[in-house]
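Coordinates in review
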Amino acid sequence: MLNKIMRPAAAAILLVLCTGLPERAASAENNSDYVSELTRRIIERTEAPGAAPVKGQDTTNFSRNRKLLELISGDIIEFTVLPTKPEWEEKLIPIRIPIRKGLQGYRLFFVDAKGKQTLTEVETLEQLKAIPTGSGAQWSTTAALETAGFNVVKAQTKDDLIKMLKLRRFVTYGRGIDEIFFERSQLAAQYPFLAIDREIALFIPHPIYFFVTPKRPDLAKRIERGLRAMIADGSFDALFQEYYGDDIQRAQLDRRRVFRISNPLLGRETPLDDPTLWFDPARNGLTPVETTDPIR
């Protein structure tokens, strides 16, 4: 976890790291802690005379669209962490290393524990597509679901999605492995109907990158240098396991039917061919029971 005493430069930059949604997400604590600790280590290990300076601002209440505009100008914030989109890769400097190893792309589903329809009998991707699913209007995964032909019902906030699930506006509500268990623990008292399906997982290639203002290529180089140094010495994987190892085990992917769809928002430069950058269930001893054809 975060050290209580940090160097001033490392502490200041943590202010910019947030979910980018108007409301504070229920899952923000675990994922933000991970990003903050990763960033602290990157900055700490690249600290040297002449290193690119780092500054930060609190952007907790910025929407993703507002954050993009601010990053383009570089006046208020200089970098952030968010799922990739073509516009972001075109207008900012993306560091194409998926910082959560694509784990958020493994989607499990919230369901209504009292609902009559379950995923027990879903055996094909086409059957899964036909079941109404809830998703955020601005989420990258929503575009992938719609392109693949899912029956998607959209809402602006996560609170709205939970309420719509309770009203049975849809049957499933997908969240990443890095999100769903934490969110369930936070929401259980308020929404006792909320359950996590145990049958299905849906994989969407879904990298989350550091994005840096085009005004600061020096800072982008510093962040990438630190990331690659951590990958090389194994500390990146160790930190990933520290934060997400328990959730990976709880997901029990080896007991699920795992379906796959492509992500239309990924560019040609996405490092899909580098297995060292991605979470792979097989390398974690979690070979799924069933999958569709792998993504090319």
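The structure we're discussing is the one just above.
Here goes a summary of the coordinates provided. Since the structure is predicted, the reported quantities are computational estimates derived from the model, not experimental observations. (Residues numbered from 1 in each chain as written. Predicted model: local features only at pLDDT ≥ 70, side-chain atom pairs only at ≥ 80, totals over all residues. Heavy atoms only, no water.)

Quick look at the overall build of the protein now. Along the backbone of the protein there are 10 helices and 11 strands. With 296 residues in all, the protein has 54% of them scored as buried. For the protein, the share of sequence-separated contacts (at least 6 apart) that also reach a separation of at least 24 residues comes to 80%. Approximately 13600 Å² of the protein is accessible, and the part contributed by carbon and sulfur atoms is 49%. (Helix = DSSP H or I, 4+ residues; strand = E, 2+ residues; numbered from the N terminus. Buried < 20%, exposed > 50% of the residue type's maximum accessible area, 1.4 Å probe, protein only. Contact = heavy atoms within 4.5 Å. Areas by Shrake-Rupley, 256 points an atom, 1.4 Å probe, with all protein chains shown as cover.)

Attention shifts here to empty space enclosed by the protein. Where empty space is left can be seen by rolling a probe of water-molecule size over the atoms. Across all of its chains, the model carries 2 cavities of 30 Å³ or more by this definition. As a volume, the second largest cavity reaches approximately 70 Å³. In this structure, the second largest cavity is lined by R107, F109, T133, G134, S135, W139, T141, L145, G174, L202 and I204. By residue number, the principal contributor to the lining of the second largest cavity is strand β4 (residues 133-136), which donates 3 residues. When grouped by side-chain class, the residues that make up the lining of the second largest cavity number 5 nonpolar, 5 polar and 1 charged. (1 Å grid on protein atoms, 1.4 Å probe; cavity = no way out; pocket = protein on both sides within 12 Å on 5 of 7 lines; lining within 4 Å. Points joined across faces, edges and corners; volume = space filled by probe spheres on them. Nonpolar A, V, L, I, M, F, W, Y, C, P; charged D, E, K, R; others polar.)

This brings us to the pattern of salt bridges. Tallied over the entire structure, the rule returns 24 salt bridges. Note that E269 and R96 form a salt bridge whose closest N and O atoms lie 3.5 Å from each other. Here the residue E269 occupies a position in the loop between β10 (257-260) and β11 (290-291), and R96 occupies one in the loop between β2 (93-95) and β3 (106-112), the gap between them amounting to 173 residues. By relative accessible area, R96 is classed as partly exposed at 21%. A salt bridge links R256 to D197, with the nearest nitrogen and oxygen atoms 3.8 Å apart. Pair noted here: R256 is in the loop between α10 (235-251) and β10 and D197 is in the loop between β7 (194-196) and β8 (200-203), with a separation of 59 residues, a long-range link. Owing to a relative accessible area of 4%, R256 belongs among the buried residues under this scheme. Each of the salt bridges in this network shares a partner with another, and the network as a whole consists of E37, R40, R41 and E44. (Salt bridge = Lys/Arg side-chain N within 4 Å of Asp/Glu carboxyl O.)

Compared with the 24 Å implied by 1.5 Å per residue over 17 residues, the 24 Å span of α10 between its first and last C-alpha is a close match. Of all the bends in α10, the greatest measures close to 60 degrees and is centred on Y244. Of the positions making up α10, those classed as buried are S235, F236, L239, F240, Y243, Y244, G245, D247, I248 and A251. Downstream of α10 by one or two residues, Q252 has phi in the positive range, about 50 degrees. (Expected span 1.5 Å × (residues − 1). Bend = angle between axes of the 7 residues up to and from the residue.)

Another aspect to go through is the sheet that holds strand β1 (residues 79-83). Strand pairing in a sheet takes place through backbone hydrogen bonds and is either antiparallel or parallel in direction. Here we have 3 strands laid out as an open sheet, ordered β1-β9-β2, and antiparallel in their pairing. With partners counted over all chains shown, the strands left at the sheet margins are β1 and β2, one partner each. Each adjacent strand pair in this sheet contributes to an overall mean axis angle of 35 degrees, direction not counted. With 5 bridges connecting them, β1 and strand β9 (residues 208-212) associate as antiparallel partners. Its bridge partner lying in β9, F79 is registered against V212. (Pairing = 2+ DSSP bridges. Axes fitted to C-alpha atoms, helices over the stretch in contact; angles between N-to-C directions.)

Here we take up the packing of aromatic side chains. For the structure on display, the rule yields 13 aromatic pairs. Consider the rings of Y106 and F203, whose centres lie 4.4 Å apart with planes at 35 degrees: the pair is tilted. With Y106 in strand β3 and F203 in strand β8, the pair connects residues that are 97 residues apart, well separated along the chain. Residue Y106 shares its accessibility class with F203, and that shared class is buried. Measuring from centroid to centroid gives 6.0 Å for Y191 and F193, while their planes differ by 80 degrees, and the two rings are edge-to-face. Both residues of the pair, Y191 and F193, count as buried. Through successive ring pairs, a cluster of aromatic residues spans Y34, Y106, F203, F240, Y243, Y244 and F279. (Phe/Tyr/Trp six-rings, centres within 6.5 Å; stacked < 30°, edge-to-face > 60°.)

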